[in-house]
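Structural overview
Here are the chains, one letter per residue:
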Amino acid sequence: MSTSEIEPLLREGDSGSPFQFTKEELASLVDPKDPDGLRKYGGTDQILKGLRVNSTDGLSSDEGLGENNKKGVPFRERRKYFGKNATSIRYFLTWERERVEKSHDVVLPDVASKSLFSLIWEAYQDKTLIMLSIAALFSLGVGISEDYSLRHPEDEPRVGWIEGTAILVAVAAVVLTNAINDYQKEKQFKKLNAKKEDRSVKLVRDGREQQISVHEINVGDILLLEPGDIVPVDGIYLSGHNLTCDESSATGESDALKKNDLESDGDPFILSGSKVLEGVGRVVVIAVGPYSYFGKTMMALRGDENTETPLQMKLDILAEHIAKLGMSAALLMLITLGLKYFITAAISHDDFPDAEEIAAALIQIIIQAITIVVVAVPEGLPMAVTLALAYATTQMLKDNNLVRVLSACETMGNATAVCSDKTGTLTQNKMTIVRGFLTGHEFNSVSEIEDWRKDVNQQTFDTIVEAIVTNSTAFEGKDENNKIDFIGSKTECALLGFCKALGIEYREIRNSYQFAKIYPFASKKKTMTTVIKLATPSKDGEYRVHVKGASEIVLGSCTRYIDGDGNVKELDSKTKGKFEKTIQNFAEGALRTICLGYRDVSSAECSKFDDDNPPNDNLICLGIVGIQDPLRPGVTESVKAFRKAGVYVRMITGDNLVTAKAIAKEAGILTKGVAITGPEFRKLSNDEQRKMVPRLQVLARSSPTDKTIVVKRLRELDEIVAVTGDGTNDGPALKLADVGFSMGITGTEVAKEASSIILMDDNFNSIINALKWGRAVNDSVRKFLQFQLTVNITAVVISFTSALLSDDNESVLTAVQLLWVNLIMDTLAALALATEPPTDDLLNRYPTLKTASLISYRMWKMIICEAIFQIIINLTLLHLGPAIFHLGDSKQDKILLGTIIFNTFVFLQVFNEINCRIIDDHLNVFKNIFNNHVFLIVQFVVITGQFLIVEFGGVAFGTTPLTWYQWLATVMIGSLSLPVGVIIRLFPNTCVPDRILNEERKPLVTHSEMRWDAAIHDVRNQLKVFGALRKVRRNSKHSEHPENIEESPESSESIESSDSEPVAVAPKKLNFADAVHALRPQNQ
């Protein structure tokens, strides 16, 4: 070995180097994988020694605490030397190596968020705003030159600069408002991302298993890996059982790789970003943060998704079409007013205007045309979606829905089917053993457990405890609320809780055994198996195989059982029937049943066990336990709410059919639909599955593959499907579904990565909140669309018409006034209508069709009729206003008339915004208005701003103060939007085809249809029973008087199938059992 090769081995004693290896040296072991390098460093044992860690006890939680660390921050020196773990993409993309190295802290800095100035600059990139700014600058230049020209009267104030300046200020206000909204939105999404990226991992510290945040992992920690974990750091394999990783997301290689220690010539390197497919393992962490494989290759980019949602894309297309129409209107206005100006000037008796006057007039026309573009282009549409999604996702987090994919929020609003797990989602996931039939002795409540313990002999009891404690990965530690509790599978926690209630300390027992093999729970096999070495060999061998899992599966693998006296006996059909009856009784009581079994094997037989197939055969049955997991409060109400909303709820569970049906009935899921097991469903052909799945309500004993098949069949029927899942194998179903809900507490990292939304509380009731928020987002966008198109049409028509009819080619609404209107209808209206909180009324309708237009017939009716009404009002005021308000032809009176029209126009929009809170034909537009505080605040800001503009806007806005009765008149005229809206909604829709009017998607099969089908099925069964009764009666008569009855083929066949001696059955003895007996041959 060369000097350079052995140098790291000698560094431990060097001054200033607290650890034997540098972060660069450790990181080089995995990129690329370098087993030779690991051997040169002295192997795994030397790595542990160099990192100052014990593989059994892990790091000490108080490492580094002392006089030199008065702030009480543990691991300061270790983190200073190796860095702190960080997994977010926003860290990697903004990592500044030099600054980090200077500060001696490799914690990756947070992303440098876009500054407000950069967002202002982005908002100003709008072409129409740039064009308007250029025109305003020209106007400013011309106005100043006119103010200081020789033709300007000395007694008049120089105000030519005001209009150009006012336009620039208005543009600045629009840009600044948009930028501030974007800034707030980015802050909200940043908080959501921070929440999304945090997760918990299991490791060993102080000799105990603990659960900590992924960001708290240090180099040298002993990490515990289980199926479904996404490895957050680089590590070296220490020990485990059948640990298999998928490194495709890290290396691109699709093959699953088994891990083993270096001494066995296996692959000991665990790459960050890889997924644990099966097995368990103990790993020493060697690289975190930017020095891990994950950090170097920026693997977090795999979660970086395009945030543009389908609704946003639809609105972008719609906005583009509207913008083209607006551009056409502006171009037409430019050409028309230009021609009108030159024609009027040519036929006028006055002198033809000079170049300066022509330039000023043309600039004025151009400004009006560009302003029309600004008003017509609905830049608020995409912003409305963004605001609605930003607000909804923030509020959904309060409802325990963490949105990972923005499009899922709006998609969920139109979901038609929900496929839900049972455990922890519909139920509370607070499992307790309440009944049991173990070693021939039974208990039927928690209070009877102590009495059961007294009846069981000690040796048998020890075997039961051994089976529970050793064949488990659950452990006792601090939960997320910092309370001592069992952590892990809730079933295993219930079993350990059973032992704890009997005074058993599980750690001492678990640590006293040597584990030969562990086969973790697999949803395909529905069992978990552990092989342990016995301290005292039994007569059958030195090793013991413990198995637990689904009762009928484990019981089917048993050939013997332990009786009440502790004796091992053959499992005959009678005893097996007793066990099956016990399982049936427990299941009918909505209990999850678990069977415990074991067998002893020799060392020779144990050495033949492979790592893939657990030795679950020839077992000795210890007994059955019934675990209670009560329904969550409110589940039944949520199921009813889903049904009312046209969303079909299906329960897909691994429990047996009897338990599943009992719980589904209690939850209100199983009514008159189909309940079937996964294996039975898989046997059906694709067409048969498609025919059954609309009526499917319960799928029991299902595997993740079954869940994927159900989702696939539903999507083939054009359903919008939401699915819940928590396991690694649920990933395909979660990805395939339109909306995937993973469990935040019990869900694996693979499931969370595959999902669109994470249920932070694993609660089914949170899904109904997601449905309401999804519908609220879609409704909010449509409300804003209805409002904006009404204002667009009205403003463009009024500006164009008034400019065309005026003598001086000027619109009654000035450019600055239109910019204020644009601010009202874009930014502020989006803020007001996009933040409408959801109500229970959203659940009183069925989902909207996929093919439904963004603008419904009812919306078009409101938009067109309301726009026509507003145009008529404003044009009437333009021509009859002087007579109504007693105004003359003076310049001041013209300004006053323009102010009245402007004020009326704005208040028409203020009241129409209230009108647009409803997009259907309901009349009460004020319903729940006080629940939306943002709407009320925006309305207050608009009214206040309008008052200040009218009273103090003066020359800049082209306004003059109004008297109190003029204010009252304009507000009253504006309020007519509300009664007109009521009248429009009352217009009959009888002439409109139902396919246009009705946008709701009807269920494939309604509950009334299922009840009708069930009734028909019941009638058919009853007819079969009556037929069977008649058949039994004929047989009985034939047995009594065979000489009087001519044999029919049917009766002859019945006699032949009977015993040799005839059995006489009197008619009065006929019962249902006889009928069922007669039916059996027909059913087979």
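The structure presented is a predicted model; accordingly, all values stated were derived computationally and were not measured.

A few words now on the overall build of the chain. Each helix and strand in the chain was counted, giving 42 helices and 26 strands. For the chain, buried positions account for 52% of its 1084 residues. For the chain, the exposed surface amounts to about 49600 Å²; the carbon and sulfur share of it is 55%.

Another point: the pairing of strand β1 (residues 200–205). Counting buried positions along β1 yields 5 of 6 residues, so the element is predominantly enclosed. Of the strand pairs in this sheet, β1 and strand β2 (residues 208–213) are connected by 6 bridges, and their pairing is antiparallel. Looking at the pairing, K202 lines up with Q211 of β2. The turn linking β1 back onto β2 is made up of 2 residues, and D206 within it adopts a positive phi angle of 55°. Alignment of β1 against strand β3 (residues 222–225), held across 3 bridges, turns out to be antiparallel.

Our next topic: the side chain of T904. With respect to the helices and strands, T904 occurs in helix α34 (residues 891–915). With residues near it in sequence (within four places) discarded, T904 still touches I873, L877, T970, I973 and G974.

Another point: the nonpolar core. Within the largest apolar cluster, 113 residues are counted, with the highest numbers of intra-cluster contacts made by M412, F642, F741 and F764. The element that contributes the greatest number of residues to this core is helix α31 (residues 765–805), accounting for 15 residues. Setting aside its immediate chain neighbours within four residues, M412 contacts V418, A722, V739, F741, I767, A770 and L771. With 45 residues, the next largest nonpolar core counts V214, I236, L238 and C245 among its residues.

Enumeration according to the criterion identifies 33 salt bridges in this entry. Between R690 and E716 there is a salt bridge whose closest N-O contact spans 2.5 Å. Taken together, the residues span a long stretch of sequence, with R690 in helix α27 (residues 686–692) and E716 in helix α28 (residues 704–716) at a distance of 26 residues. It is possible to trace a salt-bridge network through shared partners that takes in D687, R690, R713 and E716.

Mean pLDDT over the chain works out to 79, with 79% of the residues at or above the 70 mark. Segment residues 87–111: pLDDT under 50, and 57 contacts once partners within four positions in sequence are set aside and those in other chains are kept. Within the model, pLDDT remains below 50 along residues 298–307, and this stretch shows 19 contacts once partners closer than five positions in the same chain are excluded.

Right, let's talk about a nonpolar patch on the surface for a bit. Judged by side-chain polarity, L331, L334, I335, L339, I343, I347 and I366 come together as a nonpolar surface patch covering roughly 640 Å² of accessible area. Here the nonpolar patch gets 6 residues from one element, more than from any other, and that element is helix α13 (residues 310–347). Mapped onto the secondary structure, I343 falls in helix α13.

Hydrogen bonds between backbone groups are what pair the strands of a sheet, and the pairing can be parallel or antiparallel. Here we have 8 strands laid out as an open sheet, ordered β8-β26-β25-β24-β9-β21-β23-β22, and mixed in their pairing. The open sheet has two edge strands, β8 (401–403) and β22 (674–677), and neither has a second partner. The average undirected angle you get between the axes of adjacent strands in this sheet is 20°. As judged from the 2 bridges shared by strand β21 (residues 648–652) and strand β23 (residues 696–700), these two strands associate in the parallel manner. Residue pairing for β23: I652 is matched across the bridge by L699. The strands touched by α31 are β8, β24 (721–725), β25 (739–743) and β26 (757–759); relative to β8, the strand with the most contacts, the crossing angle is about 50°.

Turning our eyes to something else, we now look at the packing of α34 against helix α37 (residues 964–974). The N-to-C vectors of α34 and α37 enclose an angle of 40°; their axes lie 7 Å apart at closest approach. In this view, α34 runs oblique relative to α37, as classed from their interaxial angle. As for how α34 packs across α37, the hand of that crossing is right-handed. Residues L896, I900, N903, T904, F907, L908 and F911 of α34 form the contact with α37, whose participating residues are Q966, W967, T970, V971, I973 and G974. Classifying every residue of the contact of α34 with α37 by side-chain character gives 8 nonpolar, 5 polar and no charged.

Taken as a whole, this structure holds 15 aromatic pairs when the rule is applied. Consider the rings of F21 and Y41, whose centres lie 5.2 Å apart with planes at 45°: the pair is tilted. Of this pair, F21 sits in the loop between α1 (3–6) and α2 (23–27) while Y41 sits in the loop between α3 (35–40) and α4 (43–50), and the two are 20 residues apart along the sequence. The exposure class of F21 is buried, given its relative accessible area of 0%. Classification of Y41 as buried rests on a relative accessible area of 13%. Taking 6.2 Å as the distance between ring centres and 75° as the angle between the ring planes, the aromatic pair formed by Y561 and F579 counts as edge-to-face. Taken together, the residues span a long stretch of sequence, with Y561 in strand β17 (residues 558–562) and F579 in helix α22 (residues 573–588) at a distance of 18 residues. Residue F579 is classed as buried on the basis of its relative accessible area of 4%. Counting every residue linked through ring pairs, the aromatic cluster contains F443, W452, F461 and F498. The ring of F461 carries the charged tip of R453 above its face, separated from the ring centre by 3.8 Å.

The next thing to look at is the packing of α34 against helix α35 (residues 933–952). It is the contact of α34 with α35, at a shortest axis distance of 11 Å, that shows an interaxial angle of 180°. When the axes of α34 and α35 are compared, the pair comes out roughly antiparallel. When α34 is examined against α35, the residues T899, F902, N903, V906, F907, V910, E913 and I914 are found in contact with a partner set consisting of F935, Q939, V942, I943, Q946, I949 and V950. Class assignment of the residues belonging to the contact of α34 with α35 gives a composition of 10 nonpolar, 4 polar and 1 charged.

Over its 16 residues, α22 runs 22 Å from end to end, which matches the ideal 22 Å to within 8%, given 1.5 Å per residue. Taken together, the buried positions of α22 are T575, F579, T582, I583, F586 and A587. Angular distribution of buried residues about the axis of α22 spans 130°; they occupy a single face of the element. In α22, the exposed positions that point more than 90 degrees away from the buried face belong to S573, K574, K578, K581 and E588. Where α22 ends, the next residue or the one after it, A590, has phi of about 60°, a positive value.

This part is about the environment of D706. Within the element layout of this structure, D706 appears in helix α28. Separated by 54 residues in the primary sequence, D706 and I652 have C-alpha atoms spaced 8.6 Å apart. What D706 contacts, discounting residues up to four positions off in sequence, is G678, R682, L699 and R701. Polar side-chain contacts of D706 include one of 2.6 Å to the side chain of R682.

Within helix α25 (residues 657–667), the full set of buried residues consists of T659, A660, I663, A664 and A667. Buried residues of α25, viewed axially, fall in a sector of 125°; they line one side. In this structure, the buried side of α25 is in contact with α22, β19 (591–601), α24 (635–644), β21 and β23. N-cap assignment for α25: the residue whose side-chain oxygen lies 3.1 Å from the backbone N of V658 is N656. Two residues or fewer after α25 comes G668, characterised by a positive phi angle close to 85°.

Together, E448, E450, D451 and D455 make up a negatively charged patch on the protein surface. Examined against the element boundaries, D455 turns out to sit in helix α17 (residues 449–455).

Following the sequence through the fold, K398 ends up in helix α15 (residues 380–398). According to the relative accessible area criterion, K398 is exposed, its value standing at 61%. Separated by 362 residues in the primary sequence, K398 and M760 place their C-alpha atoms 9.7 Å from one another.

Another aspect to go through is unusual backbone geometry. Positive phi values are uncommon outside glycine, yet R52 reaches one of about 55°. Its place among the elements puts R52 in the loop between α4 and α5 (76–82).

So, on to the pairing of strand β7 (residues 275–287). When you tally the buried positions in β7, you get 10 out of 13 residues, the bulk of the element. As defined by bridge partners, β3 adjoins β7 across 4 bridges and the pair is classed as antiparallel. Bridging from a neighbouring strand, L223 pairs with V283 of β7.

Rules and cut-offs
Residues numbered from 1 in each chain as written. Predicted model: local features only at pLDDT ≥ 70, side-chain atom pairs only at ≥ 80, totals over all residues. Heavy atoms only, no water. Helix = DSSP H or I, 4+ residues; strand = E, 2+ residues; numbered from the N terminus. Buried < 20%, exposed > 50% of the residue type's maximum accessible area, 1.4 Å probe, protein only. Areas by Shrake-Rupley, 256 points an atom, 1.4 Å probe, with all protein chains shown as cover. Pairing = 2+ DSSP bridges. Contact = heavy atoms within 4.5 Å. Core = buried A, V, L, I, M, F, W, Y, C linked by side-chain atoms within 4.5 Å. Salt bridge = Lys/Arg side-chain N within 4 Å of Asp/Glu carboxyl O. pLDDT = per-residue confidence, 0-100. Patch = residues over 30% accessible without salt bridge, like charges linked within 9 Å, V, L, I, M, F, W, Y side chains within 5 Å. Axes fitted to C-alpha atoms, helices over the stretch in contact; angles between N-to-C directions. Parallel < 35°, antiparallel > 145°, perpendicular 65-115°, else oblique. Left-handed = near helix turned anticlockwise from the far one by under 90°. Nonpolar A, V, L, I, M, F, W, Y, C, P; charged D, E, K, R; others polar. Phe/Tyr/Trp six-rings, centres within 6.5 Å; stacked < 30°, edge-to-face > 60°. Lys NZ or Arg CZ within 6 Å of the ring centre and 35° of its normal. Expected span 1.5 Å × (residues − 1). Arc of directions from axis to C-beta. Polar contact = N/O pair within 3.5 Å; in protein donor to acceptor, adjacent residues only side chain to side chain. Lys, Arg positive; Asp, Glu negative; His and termini not counted. Charge placed at Lys NZ, Arg CZ, Asp CG, Glu CD.

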